[in-house]
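Structural features, examined
Each chain, letter by letter, is given below.
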Amino acid sequence: MDLQQYPFSYPVALTPISMEEVNFTKDRLSGGDNAKTVKNYILEKMDEFSKKTVNGISNSKFVPLDSVKIEKRIISFTLYSMAELATPGRSMRLLSQLLLEEPYFQKLLVQKKLFKSFVSIENTKAHSESKIIDASSISDVELVKGLIDLLPLPEYSITKKQRKALDSMKVLAAEAEIIPI
């Protein structure tokens, strides 16, 4: 597959909504000692997802298997797309449906949802891997405190990265009708 044909790529991470104890790297599907591992099942379904969506009617999508990283409760990968995606995780609905063919994943359903998705943030430090930001692990109080600590600073001392984050938060707050436009 020539990834150059895909103008958009998204580092995505999926984690189960359910708080049930799972380990994607060690668990096995039902069927005893000969049962395949959950990790191998996920990789099979990722491949099936790519085969079904690569020739999508409205938007071709593809997940190269060499980009898939499976951890205890996290599946991270790069999603390639022909069109820009506002919410890349939502594009993985078909993968959820494919995984739900196995009872192991059916027990993880919460209000008809299997995963919550996150965008991976690349660390700029050498020799580091992608860092997954789980918004639920950051309290609302921590976020507001961080903003309050940042705002009294003079404009020239706010980094480009901090300015970009502030501007993004303004847009999100306006879109969510938290602040008036």
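Residues numbered from 1 in each chain as written. Predicted model: local features only at pLDDT ≥ 70, side-chain atom pairs only at ≥ 80, totals over all residues. Heavy atoms only, no water.

**Some remarks on the overall build of the protein**
- Secondary structure assignment for the protein yields five helices and six strands.
- Listing each helix as α and each strand as β along the protein from the N terminus yields β-α-β-β-β-α-α-β-β-α-α.
- Expressed as a percentage of the 181 residues in the protein, the buried residues total 33%.
- Counting only carbon and sulfur atoms, one obtains 55% of the accessible surface of the protein, whose full area is about 12300 Å². (Helix = DSSP H or I, 4+ residues; strand = E, 2+ residues; numbered from the N terminus. Buried < 20%, exposed > 50% of the residue type's maximum accessible area, 1.4 Å probe, protein only. Areas by Shrake-Rupley, 256 points an atom, 1.4 Å probe, with all protein chains shown as cover.)

**Brief notes about unusual backbone geometry**
- Within the chain, Gln111 stands out as a residue other than glycine whose phi angle is a positive 50°.
- In this fold, Gln111 is placed in the loop between helix 3 (103-106) and strand 5 (115-121).

**Concerning the confidence of the model for the protein**
- Summing up the model confidence of the protein, the mean pLDDT is 83 and the portion of residues at 70 or higher is 89%.
- Low pLDDT, under 50, characterises residues 122-130; the predicted model gives this stretch seven contacts beyond four residues in sequence or across chains. (pLDDT = per-residue confidence, 0-100. Contact = heavy atoms within 4.5 Å.)

**Considering the layout of surface pockets**
- Estimated volume of the second largest pocket: approximately 640 Å³.
- Along the wall of the second largest pocket there are 22 residues; nearest its centre are Gly89, Arg90, Phe115, Lys116 and Ser117.
- The greatest single-element share of the lining of the second largest pocket, amounting to five residues, is contributed by strand 5.
- Here the lining of the second largest pocket is built from residues that sort into twelve nonpolar, five polar and five charged. (1 Å grid on protein atoms, 1.4 Å probe; cavity = no way out; pocket = protein on both sides within 12 Å on 5 of 7 lines; lining within 4 Å. Points joined across faces, edges and corners; volume = space filled by probe spheres on them. Nonpolar A, V, L, I, M, F, W, Y, C, P; charged D, E, K, R; others polar.)

**Some remarks on the side chain of Ser60**
- Position of Ser60 among the secondary structure elements: in the loop between helix 1 (38-53) and strand 2 (61-62).
- The exposure class of Ser60 is buried, given its relative accessible area of 13%.
- Within the structure, Ser60 has its side chain in polar contact with the side chain of Tyr6 (distance 3.1 Å).
- Here Ser60 is in contact with Tyr6, Thr53, Val54, Asn55, Tyr80, Ser81 and Met82, once residues within four sequence places are set aside. (Polar contact = N/O pair within 3.5 Å; in protein donor to acceptor, adjacent residues only side chain to side chain.)

**A short note on the nonpolar core**
- Within the largest apolar cluster, 27 residues are counted, with the highest numbers of intra-cluster contacts made by Phe24, Ile42, Met46, Ile75, Phe77, Met92 and Phe105.
- For this core, the secondary-structure elements that each account for two or more residues are strand 1 (8-16), helix 1, strand 4 (75-81), helix 2 (93-99) and helix 3.
- When residues of this core are assigned to their parent elements, the largest contribution, five residues, is made by helix 1. (Core = buried A, V, L, I, M, F, W, Y, C linked by side-chain atoms within 4.5 Å.)

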